[in-house]
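Per-entry structural report
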Amino acid sequence: MEELGDGPCPLWLQHRLKAAGGAVPFSTYMEWVLQDPEHGYYGHGHVAFGRRGDFVTAVGLGSTLATLLLPQVLQCLDALASTTELISLVEWGPGDGELSRDLGILLAQARPQWRQRLHLVLVEASPALRQLQIRQLQHQPLPWRHAHPAELAAAPATGMVLANELLDALPVERLTRGKDGWHWQWVHCPQGQLDWCPGPPLPAEILVLLEAVGIHLAEEAFPVGWSSELALAQSSWCRAAAAALHRGWLWCLDYGHTARRYYSPQRPDGTLMAYARQQAMGNPFLQPGRMDLTAHVCTDLLRHWAEAAGWTWCGEVSQGQGLLALGLARQLSRLGEADGPPLAQRLSRREALLRLVDPAGLGRFRWLLFQRRCPTPTPGDLLAFQAPDGKARHSRQISV
Ligand SMILES: C[S@@+](CC[C@H](N)C(=O)[O-])C[C@H]1O[C@@H](n2cnc3c(N)ncnc32)[C@H](O)[C@@H]1O
């Protein structure tokens, strides 16, 4: 396999940096290298999803994820079905479009009476991926369209916003503890090589924000050089998702940590990672525009921003626990039945199911659910999520 080396900064990026005054916040760099329509990893379509590509998301394991998420999607949408309005399932950041396609097929089978009422809406920043999604979505029966967040805000829908591994792809800021206190970490390009450089001091309101989720940066616990990420873009995203739905649900699925783990003094360099060809690397400057960049979600900050945007928190669960509650064990045991599909198919399905709950991988994903103006089901009745007070869920089944 070809080594991923530390090459010179591409000329387009050198020109951008020069035009911007020589140095930019990390979030600007991340936005450029991921979403620039000519050069960005997603924007231009350099991304390669799946087992033979750069990385595997839960969606890349075939229709397994959609099949398992279906009962929870149905329970949420059923709660809205008594209204006369259209119901929209909005997937934000749909990647190759497989999850929307599979959910479209499964929802049309499970609720044939909704075929004219239920619409799929895809919100995708990348022009190249929008083309890929158009090809995928041909193969499902529900009406569907792409929409820009501004269009959704102009005519808010009733339904659900689903975001699988979107938030970890939104641009993050980097903060670092210098000898002279806290400041932002910016990006520059001396002698044609990308590198970190000190940015402006951290404004007082950032310290206040982190205090709100229990992180006291002023403490001496953080050594000089300690750095991490702050996903300010998630705050405006929560507002955009709230503007998109007049009534409904917000379901975020992503790698995440609580604020205490995220901003632990024992995590000296944050959660930022670069991915290419199934390799994970800590250096975000290796191949700008040719690698994915991600940072984990701070679940406490996400909840803080979502609530500030008007969402009500319904619960949080790990993907492993959530999928078990949604029937993963039943699906595994069905694979052992003698009249099932051929052995090779069963083995590959079994592998996909186990990868989704692998405690060292996708099983650690965090699922966070919020709602706006949905009185039922109450959080304790949700299939996959613990009640906020930690009480056990009711044992319920949804007809699928
Ligand atoms: C890591 S991929 C995840 C794709 C897919 N959900 C999956 O799980 O396989 C991130 C996706 O979010 C899209 N994206 C990133 N920022 C976005 C934004 N601000 N608005 C809409 N889509 C965005 C990317 O182009 C890409 O489709």
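Residues numbered from 1 in each chain as written. Predicted model: local features only at pLDDT ≥ 70, side-chain atom pairs only at ≥ 80, totals over all residues.

A few words now on the overall build of the protein chain. The secondary structure content of the protein chain amounts to 13 helices and 17 strands. Whereas a compact globule of 400 residues would reach a radius of gyration of roughly 21 Å, the protein chain reaches 22 Å, a difference of no more than 12%. Summarising its shape, the C-alpha atoms of the protein chain cover approximately 65 × 45 × 45 Å along the three principal directions. For the protein chain, the proportion of its 400 residues judged to be buried stands at 42%. Sequence separation of 24 or more characterises 76% of the internal contacts of the protein chain that already satisfy a separation of 6 or more. (Helix = DSSP H or I, 4+ residues; strand = E, 2+ residues; numbered from the N terminus. Rg over C-alpha atoms; globule rule 2.2 N^0.38 Å. Buried ≥ 20, exposed ≤ 12 C-beta atoms within 10 Å, placed from the backbone. Contact = placed C-beta atoms within 7 Å.)

Its 13 residues place the ends of helix H4 (residues 98-110) 18 Å apart at the C-alpha level, agreeing with the 18 Å of an ideal helix rising 1.5 Å per residue. Within the sequence span of H4, burial applies to Glu98, Leu99, Ser100, Arg101, Asp102, Leu103, Gly104 and Leu107. Buried-residue contacts for H4 involve helix H3 (64-78), strand S2 (87-92), strand S3 (118-123), helix H5 (127-137), strand S4 (144-146) and strand S5 (157-164). (Expected span 1.5 Å × (residues − 1).)

Our next topic: the site of the ligand. Looking at the ligand, there are 18 residues lining it, with Tyr42, Thr57, Val59, Gly93 and Gly95 nearest. Of the residues contributing to the shell around the ligand, the split by class is 11 nonpolar, five polar and two charged. (Near = placed C-beta within 6 Å. Nonpolar A, V, L, I, M, F, W, Y, C, P; charged D, E, K, R; others polar.)

Here the protein chain is partitioned into domain 1 (11-36 + 173-230 + 262-294) and domain 2 (58-169 + 233-255 + 296-379). Between the C-alpha centres of domain 1 and domain 2 the distance comes to 30 Å. Contact residues are listed per partner, giving eight residues for domain 1 and 10 residues for domain 2. Counting residues per element, the side of domain 1 that touches domain 2 draws most heavily on helix H2 (residues 26-35), at three residues. The residue makeup of the side of domain 1 that touches domain 2, split by class, is four nonpolar, four polar and no charged. (Domains from an automatic or database assignment.)

Moving on, we get to the pairing of S3. Taken across its six residues, S3 has five buried, putting it largely inside the fold. As paired strands, S2 and S3 are joined by six bridges and run parallel to one another. Each bridged residue has a counterpart across the sheet, and for Ser88 the counterpart in S3 is His119. You can see the chain leave S2, run along H4 and come back into S3, and the turn it takes is right-handed. Relative to S4, S3 is paired through three bridges, and the arrangement is parallel. Of the residues in S4, the one forming a bridge with Val121 is Arg145. In the classification by handedness, the crossover that spans S3, the intervening H5 and the parallel S4 is right-handed. (Pairing = 2+ DSSP bridges. Right-handed = clockwise from strand over helix to strand, strands pointing away.)

Our next topic: the sheet that holds strand S14 (residues 292-294). Strand order across the open sheet formed by three strands is S13-S12-S14, with antiparallel pairing between neighbours. The open sheet has two edge strands, strand S13 (279-281) and S14, and neither has a second partner. Strand-to-strand, the axes of this sheet are offset by a mean angle of 25°, without reference to chain direction. (Axes fitted to C-alpha atoms, helices over the stretch in contact; angles between N-to-C directions.)

The next point concerns the packing of helix H8 (residues 233-244) against helix H10 (residues 299-308). For any two helices packed against each other, the geometry is given by the interaxial angle and the distance between the axes. H10 packs onto H8 with a crossing angle of 40° between their chain directions and a minimal axis gap of 8 Å. The angle between the axes of H8 and H10 places the two elements in the oblique class. The hand of the H8/H10 crossing is right-handed. In contact with Gln234, Ser235 and Cys238 of H8, H10 contributes Leu302, Trp305 and Ala306. Class assignment of the residues belonging to the contact of H8 with H10 gives a composition of four nonpolar, two polar and no charged. (Parallel < 35°, antiparallel > 145°, perpendicular 65-115°, else oblique. Left-handed = near helix turned anticlockwise from the far one by under 90°.)

What follows concerns the sheet that holds strand S17 (residues 366-372). Read across the sheet, seven strands follow the order S4-S3-S2-S5-S10-S17-S16 without closing on themselves; strand pairing throughout is mixed. Edge positions in the sheet fall to S4 and strand S16 (312-318), since each of these pairs with one other strand and no more. The mean angle between the axes of side-by-side strands here comes to 15°, regardless of whether they run parallel or antiparallel. As paired strands, S16 and S17 are joined by six bridges and run antiparallel to one another. In the strand pairing of S17, Gly315 is matched with Leu369. Sitting on the sheet, H3 is in contact with S2, S5 and strand S10 (245-254), with an inclination near 155° to S5. With respect to the sheet, H4 is in contact with S2, S3, S4 and S5, its orientation differing from that of S3 by roughly 175°.

For helix H13 (residues 343-357), with 15 residues, the first-to-last C-alpha span of 21 Å sits near the 21 Å given by 1.5 Å per residue. When H13 is considered as a whole, its buried residues turn out to be Arg349, Leu353, Leu356 and Val357. Along the axis of H13, the buried residues cluster in a sector spanning 90°; they form a single face. Residues Leu343, Ala344, Leu347 and Glu351 are exposed on H13 and point more than 90 degrees away from its buried face. Each element contacted by the buried residues of H13 is listed here: H3, helix H11 (319-325) and helix H12 (328-334). (Arc of directions from axis to C-beta.)

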